[in-house]
Amino acid sequence: MNARYGMVIDLDRCTGCGSCMIACAAENNVPALPQATARTGITPVLVRKVSNGAEGSVRREAFIPIMCMHCEHDTPCVKVCPQQAVEVDKATGIVMQMPQRCLGCRYCMTACPYHARYFNWWDPAWPTGMEKSLNPGVAVRMRGVVEKCNLCHARLHAAKEKAAALGKHEIDAAEYVPACVEACPTNAIHFGNLADPNDPVSIESRSPEAFRLLAKLGTEPKLYYRSKESWVRALAEPISAHSSEVQHG
Amino acid sequence: MKVTRRDLLVWSAGAAAGLIVTPVPWKLLDDTSIWSQNWPWIPQPARVPVEMKQSSCTLCPNGCGLRVRMAAGWPVGVAGLSTHPVTRGALCPLGFAAHQLNWHPQRLRTVRHRGSNSSWSEAQRAFAKARAEGPIVIIDGYPGRAASSVLETFAQKQNGSYRVVEGPETRALKPYASWSGVPASALGYDLENAETVISFGAPMLDGWGAPGRFTRLWAERAAGRSDPQLRLIQIDSTLSRTAARSWQWISIRQGSESTLAAGLAAALLEQKLVPARGPIPAVSVDEAAMQTGMTADAIRELARTIVGRTPAVAIAADDNPSIAALNLLLGAVGTLGGIVRRSKDAVDHIAAGDAISSARAVLIDASVPWDFIHQTDAEVFRFAAWDGGSTKADWLLPVPGFLEELTDVPTAPALAVETYAVAPSLVKPASEVQSAAQFLATVEPSLIPAEKIIHTRCYNIFRALKGNVHGDEITPVAKFASAQKLEAQLWKGAVWVGEASPPGGIRCELKGWPAAPVLGAAENWSALWPAPVLPPLASKLYNESSLREAPDRRTV
C-alpha cells in the first residue's frame, strides 16, 4: 500500500527555538552564506512568529513552522513546472523536487501559496575544511535551482536500503524520521503515514483542533497544525489577514 | 538536381525551425544546467559509510547527550541522545550545527602573543617566569571537571587562587547557600516534582538549565492545557518567548521582580495562605502594586494561584535574595518539588573577583565566556578554541575544539540529582592545541593528568554502589561486575545518575527580609554561549529569520 507521509505540528508546544531550522539545514547541507538574508536564504523550514494582534498584557504570540505542505491535489508547483522537475511521488505522497531538471524559472515559487520554496542564488561554499562536516547522504545545494523541504528524502532512502538489506518490503517507521522532527525539543512535530488510519499522526490529523493552512484552496496539504487556541486556528485563513512578523521572498 | 545557395539557406532555416520541436535544445539546456551546477570547485560530500557515536556536548556546562554521525573520522551530523536521562534527546539550536565549529574561520590554531604569532615554548617560558615572580590566579568557567581539578591543584601548589565564573542558574542559588552554608553547586531545583513554577524572568523555555530538561517536562505536563499538571507562571516585563508559552504571563515593570516577590510574600501572609516562616517583608501589597504596575487584587489573586497547586517553587533569573526568601515562605526549600540538596560532597567555589587585580598572572580556561572582563595589570594567558575578537589577554593559546578532547561531564547547573558522563575525543585534534590542564601538566609534571582523574572518578562511582547507569538500558551500578565495565559504558556515551536526595538537608537561617539587589540585564542562552563564535548555520536564526536578534560581539 502506498504511504502518504505527513505531519501534525502542535503549535501549543512550539517555543520558536529554531532547532528545526538549524537541524534541517545541517542535514541537507544548506550552506550558511553571509550574504543570505531573510529574503534570499534557504530555509526549508522557517519558523514564523505570529500574534493575536493585541497589545499589552492581552497580547499573545505563537510560532508556526512553515515548510512545504506536500499538497496532494492539484499541487500548484507541479502544475506550473515547465521542466517536470517537481512531482508527487505516488509511493510516498512526498512532493519531490529534482534539482537536476530545474531550470530556475521560479514559476513554482510564484505558484506556491505557502511561500515555502526558495531560490538558490549562490554556489554553495564553506570555510576551508568545513566541507568535511557535510552530510554524505545528501548532495550540496546547487546554484540556480529552487529548493524546498523534501521530508529528508535521504533518510527515507537510507531506511529503504536498510529494510532491503534485511529482506523487508516495508521500512520500519522508526527508521525514517525527518531531521526537524528529531530535533524538536518539545516533540511538537509529529510525523507519520496519513494513509494508515491507525497511525497516531493520522488520528491526530482528524482531531477537531487540527487545521491546515489555506485549506479552502483545495490543494489537500499533508501538513497539519493543531492548537487549542482559537486565534491560532484562525490563522488557517490567508496569512496576510493576521499579524506576521517575518517577511521572506 | 542542382543545389543552389537559396536551397541551402532554406534547408538550414527549416532545420533550425524543426530543431525547436525536437528534445535536443531542451536537453542541451537541461544538461547545461547540470554542468553548471557541478563545477569542480564546488565541494561534494565524501561518499563514505557513516557510523554513529554517542557522547556529551562540552561547549557549555549543561553536558547534553549527543548522537554524532561520523564519516571518514569527522563528525557530519549531531542530534540529541534520547537515552540521556536529563536532556532526553534535546539540544540547544546551536548544538545541531556544533560539528561545524572546528572549521570556523576564527578557529585559533597557533599561539598568539599580543597579536603576533608565537609558540608554546615561548608561552611556557613566559608562564614559568610569571609563576616565579608572583601569585597566579586561575579562572574556570566549568567547575567540577577532571580538568578543573588539575587547575585547582596547580593553584593550591602555587599558593595561587582558583576562581570560577558561574552561570545565572548557579548564581540564583547563591542566597540559599549563604543562608544555609550548603554550597550553591550542591543545590538544585526539583522541577520534576513541582506543580507550579513561578519564573521571575528566568528564560525557562528558552535556554534555562540543560536544554530539554524543563522543555520536555513542560511539553508533557503543561503545553496546550487549560488546567495543566505543571503550571508555568512567567513574570516578565515583556512578552518573552517563555512568557508567550506560559500558562500565565504576569506583566510587571522592568526591575520590579524583587518588589513583587516581597508583595507576594505580604499577600500570602495577609491571607494566611502559608504559615509565617521567617521574616516579614517590609513592603505591603499596596506598595508592591504601586511599584510593579499590578493591582493589589491581582497580587493577592496571584498569591492564591501559587498556593493553589503545590509544590510550588519560584525561580529567579539571577542572584535575587527576595525571590529566595519567597521560596522560604512557600516552604519550597529542602522539600520535594523545591530547592533540594543534590550532593553532600560539593565544595564551594569563590567567584572570580578581587584576587585577579593583585595577581602576577591570570590563566583563563577556555570554558570561561570570551567577554569575561578582567580588570587587571597581570599578564593574562587566555585559552580558547576560537578567537572572539577584541581581548585584553596577552597570550591567546589554542585548545582542542568540539569533540577533540577527552573530558568528563559533571552535574549540570540546577539539576536535582548528581550525574556524571565522559566525553571521549572523537575527532583528531587540530595541530598544536593544548587545553589549560594539559599546559599546566607540562609546566608542573607532578600534576595528575585529567585522564587519570576520570578513571579514579569512575572507580569511585563503582565503589559507592549507588545510582544507575543510563545507556541503551538502565543498569544499577551494583550490577556492574567491575569498575572497568562501568567506565567502558560511560566512554560509550552512557550517563551515571545518582540517587535522589531525601527531603531536608538544607536549613536556611534568615533574620530579616533581604534588600532588593541591583539587577543587570537578563541573560539568555545566546549571550551565555561560551564559544566566542557561533556555528555558521546560526545564520538561520539571526540573519534569515526574525526569531532572534543577533547577540553582540559574536560572529555568526
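Per-chain numbering applies: the sequence of each chain, read as written, is numbered from 1 onward. Chain A is the first chain written and ligand 1 is the first ligand written, with later ones labelled in order. Where totals are concerned, whole chains, interfaces and linings use all residues; where local detail is concerned, this predicted model gives features only for residues with pLDDT of at least 70, and gives and counts side-chain atom pairs only at 80 or more.

Visitor: Help me get a handle on the overall build of chain A, residues and values and all.
Guide: Helix and strand definitions follow DSSP, with helices as H or I runs of at least four residues and strands as E runs of at least two, each counted in order from the N terminus. Scanning chain A from N- to C-terminus turns up seven helices and 11 strands. The C-alpha atoms of chain A give a radius of gyration of 18 Å, which matches the 18 Å a tight globule of 249 residues would have. Taken over the C-alpha atoms alone, chain A extends approximately 50 × 45 × 35 Å along its principal axes. Neighbour counting defines burial: a residue surrounded by 20 or more other C-beta atoms within 10 Å of its own C-beta is buried, one with 12 or fewer is exposed, and intermediate counts give partly exposed, using backbone-placed C-beta atoms. Here chain A, with 249 residues, has 49% of them falling under the buried criterion. Counted over contacts in chain A with a minimum sequence separation of 6, partners at least 24 positions apart contribute 66%. Two things to know: the radius of gyration comes from C-alpha atoms, and the globule rule equals 2.2 Å times the number of residues to the power 0.38. It is the C-beta atoms, placed from the backbone, that decide contacts: two residues are in contact if theirs lie within 7 Å.

Visitor: How would you summarise the overall build of chain B if you had to cite specific residues and measurements?
Guide: Helix and strand content of chain B: 17 helices and 21 strands. With the C-alpha coordinates aligned to their principal axes, the bounding extent of chain B is approximately 120 × 65 × 55 Å. Here chain B, with 556 residues, has 53% of them falling under the buried criterion. Within chain B, contacts between residues at least 6 apart in sequence are counted, and of these 67% link residues at least 24 apart.

Visitor: Provide a residue-level description of the domain arrangement of chain B, including the pertinent values.
Guide: When the parts of a complex come together, some accessible area is lost, and that lost area is often taken as the interface size. For chain B, the assigned domains read domain 1 (5-37), domain 2 (50-103) and domain 3 (169-345). Where each domain begins and ends is defined by an automated method or by a domain database. Look at where the C-alpha atoms of domain 1 of chain B and domain 3 of chain B centre, and you get two points 75 Å apart.

Visitor: Mind laying out the sheet that holds strand 14 (residues 361-364) of chain B, listing which residues take part and the relevant values?
Guide: Where strands meet in a sheet, backbone hydrogen bonds hold them as pairs that are either parallel or antiparallel. All names here are of chain B. Only strands joined by at least two bridges in the DSSP assignment are considered to pair. In space, the seven strands of this open sheet follow the order 5-4-16-15-14-6-7, with mixed pairing throughout. Strands at the two margins of the open sheet, each flanked by one partner only, are strand 5 (116-117) and strand 7 (161-164). As paired strands, strand 15 (residues 379-384) and strand 16 (residues 395-398) are joined by four bridges and run parallel to one another. By the bridge assignment, Phe381 is partnered in strand 16 with Trp395. Against the sheet, helix 4 (residues 146-157) contacts strand 6 (136-140) and strand 7, and its axis sits at roughly 165° relative to strand 6. Every axis corresponds to a line fitted to the C-alpha atoms, with the helix fit spanning only the stretch in contact, and the corresponding angles, defined between N-to-C directions, vary from 0 to 180 degrees.

Visitor: Residue-level account of the nonpolar core, with values.
Guide: Counting 229 residues, the largest nonpolar core has A:Cys20, A:Cys180, B:Leu151, B:Phe200 and B:Leu264 as its most contacted members. Top contributing element to this core by residue count: helix 9 (residues 257-270) of chain B, with eight residues. Counting contributing residues, this core receives three or more from each of domain 2 (50-103) and domain 3 (169-345) of chain B. Excluding its chain neighbours within four sequence positions, the residues that come into contact with B:Phe200 are B:Ile235, B:Glu257, B:Ala261, B:Ala314, B:Ile315, B:Ala316, B:Ala317, B:Asn320 and B:Ile323. Judged by nonpolar contacts, the second largest core, of five residues, contains A:Leu134, A:Val140, B:Ala71 and B:Val76. Definition of nonpolar core: a set of buried Ala, Val, Leu, Ile, Met, Phe, Trp, Tyr and Cys residues joined via C-beta atoms within 7 Å.

Visitor: Residue-level account of the sheet that holds strand 10 (residues 231-236) of chain B, with values.
Guide: Residue and element names in this part refer to chain B. The strand order 11-10-9-12 describes an open sheet built from four strands, whose pairing is parallel. Strands at the two margins of the open sheet, each flanked by one partner only, are strand 11 (248-251) and strand 12 (312-316). On average, each strand axis in the sheet is tilted by 15° relative to the strand beside it, whichever way the strands run. Note that strand 9 (residues 196-200) and strand 10 share five bridges and pair parallel.

Visitor: Can you break down the packing of helix 9 of chain B against helix 12 (residues 321-330) of chain B residue by residue, with the values?
Guide: Residue and element names in this part refer to chain B. Their axes nearest at 8 Å, the elements helix 9 and helix 12 cross at an angle of 20°. Taken as axis vectors, helix 9 and helix 12 run roughly parallel relative to one another. Between helix 9 and helix 12 lies a crossing of left-handed hand. Within the contact between the two elements, helix 9 uses Glu257, Ser258, Ala261, Ala262, Leu264, Ala265 and Leu268 and helix 12 uses Ser322, Ile323, Ala325, Leu326 and Leu329. Gly is put with the polar residues, along with every residue not named as nonpolar or charged; the nonpolar set is Ala, Val, Leu, Ile, Met, Phe, Trp, Tyr, Cys and Pro, and the charged set is Asp, Glu, Lys and Arg. Residues that form the contact of helix 9 with helix 12 fall into these classes: nine nonpolar, two polar and one charged. An angle below 35 degrees is treated as roughly parallel, one above 145 as roughly antiparallel, one from 65 to 115 as roughly perpendicular, and anything else as oblique. Note on convention: the crossing is left-handed when the near helix lies turned anticlockwise from the far helix by less than a right angle, right-handed when the turn is clockwise.

Visitor: Residues and numbers for helix 15 (residues 483-491) of chain B, please.
Guide: Residue and element names in this part refer to chain B. Listed in full, the buried residues belonging to helix 15 are Leu486, Glu487, Gln489 and Leu490. End-on view of helix 15: buried residues confined to an arc of 155°, all on one side of the axis. Buried residues in helix 15 make contact with strand 18 (419-423), helix 14 (450-464), strand 19 (468-470) and strand 21 (495-497). Positive phi shows up at Gly493, right after helix 15, with a value of about 105°. Directions from the helix axis toward the C-beta atoms define the arc.

Visitor: Please provide a residue-by-residue account of the interface of chain B and chain A, values included.
Guide: Across the boundary between the two partners, chain B contributes 54 residues, which contact 55 residues of chain A. Listed by contribution, the elements that provide at least two residues to the side of chain B that touches chain A are helix 2 (24-37), strand 3 (74-80), helix 7 (213-221), helix 8 (241-245) and helix 17 (539-542) of chain B. Per element, the largest residue contribution to the side of chain B that touches chain A is six residues, and it comes from helix 2 of chain B. The residue makeup of the side of chain B that touches chain A, split by class, is 30 nonpolar, 16 polar and eight charged.

Visitor: Can you explain the confidence of the model for chain A? Please cite residues and give values.
Guide: Confidence along chain A averages 91 in pLDDT terms, with 95% of residues attaining 70 or more. One confidence number per residue, pLDDT, is output by the predictor and ranges from 0 to 100. This model gives residues 240-249 of chain A a pLDDT under 50, and the stretch forms 24 contacts once residues within four places in sequence are excluded.

Visitor: Hey, could you go over the packing of helix 9 of chain B against helix 11 (residues 296-308) of chain B for me, with residue numbers and the actual values?
Guide: Residues and elements named next belong to chain B. Their axes nearest at 9 Å, the elements helix 9 and helix 11 cross at an angle of 70°. What the angle tells us is that helix 9 and helix 11 run roughly perpendicular. In contact with Gly263, Leu264, Ala267 and Leu268 of helix 9, helix 11 contributes Ile299, Arg300, Leu302 and Ala303. A class-by-class count of the residues in the contact of helix 9 with helix 11 yields six nonpolar, one polar and one charged.

Visitor: Hey, could you go over the environment of A:Phe211 for me, with residue numbers and the actual values?
Guide: All names here are of chain A. Mapped onto the fold, Phe211 is located in strand 9 (residues 210-211). A sequence separation of 44 residues divides Phe211 from Gly167, and the C-alpha atoms of the two residues are 38 Å apart. With residues up to four places along the chain from it excluded, the contact list for Phe211 reads Tyr224, Tyr225, Arg233 and Ala236.

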